[in-house]
Amino acid sequence: MKTLSLTIILLINLACKEAPKEVYICNSGKTTKYHLKASCRGLSNCQYKIVKSTMEKVKQEKKTLCGWEK
């Protein structure tokens, strides 16, 4: 019974964690990746402005998470 209660608590904690609402992209117009932090190594070569975006928007644009942050 104690194991079941512990499992339920863990599942509730996992379900309550939200994905980040703001992410960062290089505003080059050709970017295919998004970044969780503005200081991500993957953005170090951005020659354009680094801008905030929403997770919803980058998912609609079919952008994927930067490989440095996986």
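From a predicted model like this one, the values you see are computed outputs, not experimental measurements.

So, how was this worked out
- Residues numbered from 1 in each chain as written.
- Predicted model: local features only at pLDDT ≥ 70, side-chain atom pairs only at ≥ 80, totals over all residues.
- Heavy atoms only, no water.
- Disulfide = S-S within 2.5 Å.
- Helix = DSSP H or I, 4+ residues; strand = E, 2+ residues; numbered from the N terminus.
- Buried < 20%, exposed > 50% of the residue type's maximum accessible area, 1.4 Å probe, protein only.

Trainee: Got a sec to walk through the state of the cysteines? Specific residues and values, please.
Mentor: Linking two cysteines covalently via their sulfur atoms produces the bond known as a disulfide. Going through the model one piece at a time under the given rule, you end up with 1 disulfide. Disulfide pairing places Cys26 opposite Cys46 at an S-S distance of 2.1 Å. A torsion of 80° about the S-S bond marks the disulfide between Cys26 and Cys46 as right-handed. Of the two residues, Cys26 sits in strand S1 (residues 22–26) while Cys46 sits in the loop between strand S2 (33–34) and strand S3 (50–54), which places them 20 residues apart along the sequence. The pair Cys26 / Cys46 is uniform in exposure class, with both members buried. Cysteine Cys40 is unpaired, with the sulfur of Cys66 as its nearest cysteine sulfur at 3.8 Å. Under the relative-accessibility criterion, Cys40 is labelled buried at 8%.

These values are about where atoms sit, not about what they do.
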